[in-house]
Amino acid sequence: MLVIGLTGGIGSGKTTICHLFEKLGVPIVDADIIAHELTQPDQPAVQKIIDVFSPDLLDEAGLLDRNKLRQIIFSDPDKRFELESILHPLVLVEIYTRIQAMDAPYCIVCIPLLLETDMTENIDRILVVDTPEELQISRTRERDTLTSDEIQQIMSAQVSREQRLKAADDVITNNSDIANLEKQVTVLHNTYLEMSTS
Ligand code: ATP
(Lines give C-alpha, C1' and ligand atoms only; values in the text may rest on other atoms or scores of the structure.)
Protein backbone atom coordinates (compact mmCIF):
# COMPACT_ATOMS: atom_id res chain seq x y z
CA MET A 1 0.00 0.00 0.00
CA LEU A 2 1.15 3.50 -0.83
CA VAL A 3 1.92 5.37 2.41
CA ILE A 4 1.66 9.17 2.32
CA GLY A 5 3.26 11.05 5.22
CA LEU A 6 1.41 14.30 5.87
CA THR A 7 3.21 17.00 7.78
CA GLY A 8 3.15 20.74 8.44
CA GLY A 9 3.70 23.23 11.24
CA ILE A 10 1.46 24.08 14.15
CA GLY A 11 -2.00 25.19 13.02
CA SER A 12 -1.12 24.62 9.37
CA GLY A 13 -4.27 22.59 8.66
CA LYS A 14 -3.16 18.95 8.90
CA THR A 15 -6.22 17.76 10.84
CA THR A 16 -8.56 19.65 8.52
CA ILE A 17 -6.89 18.02 5.51
CA CYS A 18 -7.05 14.55 7.11
CA HIS A 19 -10.81 14.99 7.49
CA LEU A 20 -11.10 15.88 3.80
CA PHE A 21 -9.18 12.74 2.77
CA GLU A 22 -11.30 10.74 5.20
CA LYS A 23 -14.46 12.03 3.48
CA LEU A 24 -13.10 10.45 0.27
CA GLY A 25 -12.78 7.10 2.08
CA VAL A 26 -9.03 7.24 2.65
CA PRO A 27 -7.80 5.58 5.87
CA ILE A 28 -5.94 7.94 8.19
CA VAL A 29 -3.40 7.26 10.90
CA ASP A 30 -2.73 10.25 13.15
CA ALA A 31 0.48 10.17 15.21
CA ASP A 32 -0.88 12.79 17.63
CA ILE A 33 -3.97 10.69 18.38
CA ILE A 34 -1.77 7.64 18.94
CA ALA A 35 0.54 9.63 21.25
CA HIS A 36 -2.56 10.80 23.12
CA GLU A 37 -3.78 7.21 23.50
CA LEU A 38 -0.35 6.08 24.67
CA THR A 39 -0.37 8.72 27.40
CA GLN A 40 -3.70 7.80 28.95
CA PRO A 41 -3.61 6.75 32.62
CA ASP A 42 -2.14 3.28 33.18
CA GLN A 43 -0.30 3.23 29.86
CA PRO A 44 3.36 2.21 30.40
CA ALA A 45 4.62 5.42 28.74
CA VAL A 46 3.05 7.57 31.48
CA GLN A 47 5.16 6.04 34.23
CA LYS A 48 8.30 6.53 32.12
CA ILE A 49 7.37 10.18 31.48
CA ILE A 50 6.84 11.02 35.13
CA ASP A 51 10.03 9.15 36.09
CA VAL A 52 12.00 11.36 33.70
CA PHE A 53 10.08 14.59 34.32
CA SER A 54 8.14 14.92 37.56
CA PRO A 55 5.11 13.39 39.34
CA ASP A 56 3.76 16.99 39.36
CA LEU A 57 2.78 16.42 35.75
CA LEU A 58 -0.16 14.31 36.90
CA ASP A 59 -3.36 16.02 37.99
CA GLU A 60 -5.63 14.66 40.77
CA ALA A 61 -7.35 12.32 38.33
CA GLY A 62 -3.99 10.84 37.28
CA LEU A 63 -4.11 12.56 33.89
CA LEU A 64 -1.02 14.05 32.30
CA ASP A 65 -1.12 17.83 32.30
CA ARG A 66 -0.39 18.35 28.60
CA ASN A 67 -0.06 22.12 28.87
CA LYS A 68 2.59 21.80 31.59
CA LEU A 69 4.41 19.16 29.57
CA ARG A 70 4.25 21.31 26.44
CA GLN A 71 5.69 24.30 28.31
CA ILE A 72 8.57 22.21 29.62
CA ILE A 73 9.53 20.62 26.31
CA PHE A 74 9.30 23.75 24.23
CA SER A 75 11.49 25.74 26.60
CA ASP A 76 14.09 22.98 27.06
CA PRO A 77 15.27 21.07 23.96
CA ASP A 78 16.93 18.34 26.08
CA LYS A 79 13.62 17.59 27.78
CA ARG A 80 11.92 17.54 24.39
CA PHE A 81 14.42 14.94 23.11
CA GLU A 82 13.89 12.87 26.26
CA LEU A 83 10.13 12.87 25.76
CA GLU A 84 10.55 12.02 22.08
CA SER A 85 12.86 9.12 22.91
CA ILE A 86 10.17 7.65 25.17
CA LEU A 87 7.19 8.20 22.93
CA HIS A 88 8.32 8.04 19.31
CA PRO A 89 9.41 4.39 19.15
CA LEU A 90 6.04 3.40 20.67
CA VAL A 91 4.15 5.65 18.26
CA LEU A 92 6.04 4.25 15.26
CA VAL A 93 5.28 0.65 16.20
CA GLU A 94 1.60 1.50 16.56
CA ILE A 95 1.51 3.39 13.24
CA TYR A 96 2.94 0.44 11.35
CA THR A 97 0.74 -2.08 13.13
CA ARG A 98 -2.28 -0.08 11.96
CA ILE A 99 -0.98 0.24 8.39
CA GLN A 100 -0.38 -3.52 8.20
CA ALA A 101 -4.01 -4.14 9.10
CA MET A 102 -5.37 -1.85 6.34
CA ASP A 103 -6.77 -2.83 3.02
CA ALA A 104 -6.81 0.24 0.78
CA PRO A 105 -4.93 1.61 -2.27
CA TYR A 106 -3.22 4.20 -0.08
CA CYS A 107 -3.34 5.75 3.36
CA ILE A 108 -2.43 9.06 4.94
CA VAL A 109 -0.17 9.03 8.00
CA CYS A 110 -0.26 12.41 9.72
CA ILE A 111 3.01 13.01 11.58
CA PRO A 112 3.44 16.64 12.69
CA LEU A 113 7.15 16.11 13.44
CA LEU A 114 7.86 13.87 10.45
CA LEU A 115 10.88 15.90 9.33
CA GLU A 116 12.08 17.11 12.74
CA THR A 117 12.38 13.56 14.08
CA ASP A 118 13.22 11.76 10.85
CA MET A 119 10.26 9.42 11.03
CA THR A 120 10.27 9.00 7.24
CA GLU A 121 11.16 5.30 7.18
CA ASN A 122 8.36 3.38 5.41
CA ILE A 123 6.85 6.62 4.10
CA ASP A 124 6.58 6.56 0.29
CA ARG A 125 5.77 10.22 -0.30
CA ILE A 126 5.94 13.34 1.85
CA LEU A 127 2.92 15.63 1.61
CA VAL A 128 3.54 19.05 3.12
CA VAL A 129 0.86 21.55 4.15
CA ASP A 130 2.30 24.95 3.41
CA THR A 131 0.64 27.81 5.28
CA PRO A 132 1.78 31.42 5.65
CA GLU A 133 3.11 31.92 9.18
CA GLU A 134 0.70 34.72 10.01
CA LEU A 135 -2.23 32.39 9.20
CA GLN A 136 -0.70 29.58 11.29
CA ILE A 137 -0.52 31.98 14.23
CA SER A 138 -3.97 33.55 13.85
CA ARG A 139 -5.71 30.19 13.32
CA THR A 140 -3.88 28.61 16.27
CA ARG A 141 -4.76 31.57 18.47
CA GLU A 142 -8.41 31.23 17.55
CA ARG A 143 -8.35 27.50 18.27
CA ASP A 144 -6.16 27.31 21.40
CA THR A 145 -5.44 29.37 24.48
CA LEU A 146 -1.77 29.68 23.50
CA THR A 147 -0.24 33.15 23.39
CA SER A 148 1.58 34.44 20.29
CA ASP A 149 4.89 33.98 22.15
CA GLU A 150 4.11 30.35 22.96
CA ILE A 151 3.13 29.72 19.35
CA GLN A 152 6.36 31.36 18.14
CA GLN A 153 8.33 29.18 20.56
CA ILE A 154 6.72 26.04 19.15
CA MET A 155 7.28 27.24 15.58
CA SER A 156 10.95 27.88 16.23
CA ALA A 157 11.35 24.28 17.47
CA GLN A 158 9.85 23.05 14.18
CA VAL A 159 11.62 23.00 10.80
CA SER A 160 11.23 26.12 8.69
CA ARG A 161 8.74 26.51 5.87
CA GLU A 162 11.63 26.37 3.39
CA GLN A 163 13.03 23.12 4.84
CA ARG A 164 9.59 21.54 4.70
CA LEU A 165 9.05 22.58 1.09
CA LYS A 166 12.47 21.24 0.15
CA ALA A 167 11.57 17.80 1.58
CA ALA A 168 8.11 17.71 -0.01
CA ASP A 169 7.05 15.41 -2.82
CA ASP A 170 3.63 17.05 -2.84
CA VAL A 171 2.35 20.30 -1.38
CA ILE A 172 -1.06 21.56 -0.30
CA THR A 173 -1.14 25.35 -0.02
CA ASN A 174 -3.48 26.36 2.79
CA ASN A 175 -3.82 30.09 2.25
CA SER A 176 -7.46 30.26 1.27
CA ASP A 177 -10.77 28.72 2.33
CA ILE A 178 -11.82 25.11 2.97
CA ALA A 179 -13.37 24.77 -0.52
CA ASN A 180 -9.95 25.51 -1.98
CA LEU A 181 -8.37 22.87 0.27
CA GLU A 182 -11.00 20.38 -0.81
CA LYS A 183 -10.10 20.94 -4.49
CA GLN A 184 -6.41 20.31 -3.82
CA VAL A 185 -7.22 17.19 -1.80
CA THR A 186 -9.36 15.80 -4.63
CA VAL A 187 -6.58 16.33 -7.19
CA LEU A 188 -4.06 14.58 -4.94
CA HIS A 189 -6.51 11.78 -4.17
CA ASN A 190 -6.78 10.98 -7.88
CA THR A 191 -3.00 11.17 -8.28
CA TYR A 192 -2.43 8.79 -5.35
CA LEU A 193 -5.05 6.35 -6.65
CA GLU A 194 -3.29 6.34 -10.01
CA MET A 195 0.12 5.88 -8.38
CA SER A 196 -1.12 3.03 -6.25
CA THR A 197 -2.18 1.02 -9.31
CA SER A 198 0.93 1.65 -11.41
P1 ATP B 1 -1.85 21.32 15.07
O2 ATP B 1 -0.67 20.61 14.53
O3 ATP B 1 -1.47 22.54 15.80
O4 ATP B 1 -2.79 20.42 15.83
P5 ATP B 1 -3.16 21.33 12.46
O6 ATP B 1 -2.04 21.44 11.49
O7 ATP B 1 -3.80 19.98 12.63
O8 ATP B 1 -2.73 21.92 13.85
P9 ATP B 1 -5.84 22.32 12.04
O10 ATP B 1 -6.29 21.99 13.42
O11 ATP B 1 -6.36 21.51 10.91
O12 ATP B 1 -4.24 22.39 12.00
O13 ATP B 1 -6.13 23.86 11.69
C14 ATP B 1 -5.88 24.88 12.64
C15 ATP B 1 -7.12 25.76 12.77
O16 ATP B 1 -7.30 26.45 11.54
C17 ATP B 1 -8.40 24.95 12.99
O18 ATP B 1 -9.24 25.67 13.84
C19 ATP B 1 -9.01 24.85 11.58
O20 ATP B 1 -10.41 24.73 11.61
C21 ATP B 1 -8.55 26.16 10.96
N22 ATP B 1 -8.32 26.07 9.50
C23 ATP B 1 -7.46 25.26 8.86
N24 ATP B 1 -7.48 25.49 7.53
C25 ATP B 1 -8.38 26.47 7.33
C26 ATP B 1 -8.86 27.16 6.18
N27 ATP B 1 -8.39 26.90 4.94
N28 ATP B 1 -9.79 28.11 6.36
C29 ATP B 1 -10.25 28.42 7.59
N30 ATP B 1 -9.85 27.82 8.73
C31 ATP B 1 -8.92 26.86 8.61
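None of the values given here were measured: they were computed from a predicted structure. (Residues numbered from 1 in each chain as written. Predicted model: local features only at pLDDT ≥ 70, side-chain atom pairs only at ≥ 80, totals over all residues. Heavy atoms only, no water.)

### Considerations on the side chain of Thr131
Thinking step 1. Along the chain, the position of Thr131 falls in the loop between strand S4 (125–130) and helix H6 (133–143).
Thinking step 2. Here the side chain of Thr131 touches Ser12 through a polar contact of 2.8 Å, landing on its backbone oxygen.
Thinking step 3. Ignoring sequence-local partners within four residues, the contact set of Thr131 consists of Ser12, Gln136, Arg139, Arg161 and Asn174. (Helix = DSSP H or I, 4+ residues; strand = E, 2+ residues; numbered from the N terminus. Polar contact = N/O pair within 3.5 Å; in protein donor to acceptor, adjacent residues only side chain to side chain. Contact = heavy atoms within 4.5 Å.)

### Points about the domain arrangement of the protein chain
Thinking step 1. Domain annotation of the protein chain identifies domain 1 (1–27 + 102–198) and domain 2 (31–101).
Thinking step 2. If you average the C-alpha positions of domain 1 and of domain 2, the two centres end up 22 Å apart.
Thinking step 3. Both faces combined, the contact of domain 1 with domain 2 buries some 1400 Å², and carbon together with sulfur accounts for 64% of it.
Thinking step 4. Linking domain 1 with domain 2 are zero salt bridges.
Thinking step 5. Between the two partners, domain 1 and domain 2, sit five residue pairs in polar contact (both at pLDDT 80 or more).
Thinking step 6. For the side of domain 1 that touches domain 2, the elements supplying multiple residues, two or more each, are strand S3 (106–110) and helix H7 (148–157).
Thinking step 7. The dominant element in the side of domain 1 that touches domain 2, judged by the number of residues it contributes, is H7, at four residues. (Domains from an automatic or database assignment. Buried area = accessible area lost by both parts, 1.4 Å probe. Salt bridge = Lys/Arg side-chain N within 4 Å of Asp/Glu carboxyl O.)

### Topic: the sheet that holds strand S2 (residues 28–30)
Thinking step 1. A sheet is described by the order of its strands in space; here five strands give the open sequence S2-S3-S1-S4-S5, paired in parallel fashion. Strands at the two margins of the open sheet, each flanked by one partner only, are S2 and strand S5 (170–173). Adjacent strand axes in the sheet meet at a mean angle of 25°, parallel and antiparallel pairs treated alike.
Thinking step 2. Most of the contacts of helix H1 (residues 14–23) go to S3, to which it runs at about 165°, and overall it touches strand S1 (2–7), S2, S3, S4 and S5. (Pairing = 2+ DSSP bridges. Axes fitted to C-alpha atoms, helices over the stretch in contact; angles between N-to-C directions.)

### Overview of helix H9 (residues 178–197)
Thinking step 1. Across its 20 residues, H9 extends 29 Å between first and last C-alpha, which sits within 8% of the 28 Å expected from 1.5 Å per residue.
Thinking step 2. Restricting attention to buried positions, one finds in H9 the residues Leu181, Gln184, Val185, Leu188, His189 and Tyr192. Within H9, the buried residues cover an arc of 150° as seen down the axis, which keeps them to one side. More than 90 degrees from the buried face of H9, the exposed residues found are Lys183, Val187, Glu194 and Thr197. (Expected span 1.5 Å × (residues − 1). Buried < 20%, exposed > 50% of the residue type's maximum accessible area, 1.4 Å probe, protein only. Arc of directions from axis to C-beta.)

### As for the pattern of salt bridges
Thinking step 1. One pass over the full model with this rule turns up eight salt bridges.
Thinking step 2. Residue Asp170 pairs with Arg125 through a salt bridge whose shortest N-O separation is 2.9 Å. Here Asp170, found in strand S5, pairs with Arg125, found in strand S4; they are 45 residues apart in sequence, far enough to count as distant.
Thinking step 3. Of the residues examined, Asp170 reaches a relative accessible area of 11% and is grouped as buried.
Thinking step 4. What emerges from the salt-bridge pattern is a single network uniting Glu37, Glu94 and Arg98.

### Some words on the nonpolar core
Thinking step 1. Of all hydrophobic cores here, the largest spans 30 residues; its most connected members are Ile49, Val91, Ile95, Ile99 and Val109.
Thinking step 2. Only helix H2 (31–38), helix H3 (44–52), helix H4 (66–75), helix H5 (77–100), S3 and S4 provide two or more residues apiece to this core.
Thinking step 3. Broken down by element, this core gets its largest block of residues, seven residues, from H5.
Thinking step 4. The residue makeup of this core includes at least three contributed by each of domain 1 (1–27 + 102–198) and domain 2 (31–101).
Thinking step 5. Ignoring sequence-local partners within four residues, the contact set of Val109 consists of Val3, Ile4, Gly5, Leu6, Val29, Ile95, Ile99 and Ile123. (Core = buried A, V, L, I, M, F, W, Y, C linked by side-chain atoms within 4.5 Å.)

### Concerning the site of the ligand
Thinking step 1. The environment of the ligand is made up of 15 residues, and the closest members are Lys14, Thr15, Thr16, Asn174 and Ser176.
Thinking step 2. A distance of 3.0 Å separates an oxygen atom of the ligand from a polar atom in the backbone of Gly11.
Thinking step 3. Asn174 is positioned with one of its side-chain polar atoms (N or O) 2.8 Å from a nitrogen atom of the ligand.
Thinking step 4. Here the ligand loses 74% of its free accessible area of 630 Å² to cover by the protein chains.
Thinking step 5. Among the elements of the structure, H1, H6 and H9 are those that each provide at least two residues to the shell around the ligand.
Thinking step 6. At three residues, the largest contribution of residues to the shell around the ligand is made by H1.
Thinking step 7. Residues belonging to the shell around the ligand are distributed by class as follows: three nonpolar, eight polar and four charged. (Near = heavy atom within 4 Å. Areas by Shrake-Rupley, 256 points an atom, 1.4 Å probe, with all protein chains shown as cover. Nonpolar A, V, L, I, M, F, W, Y, C, P; charged D, E, K, R; others polar.)

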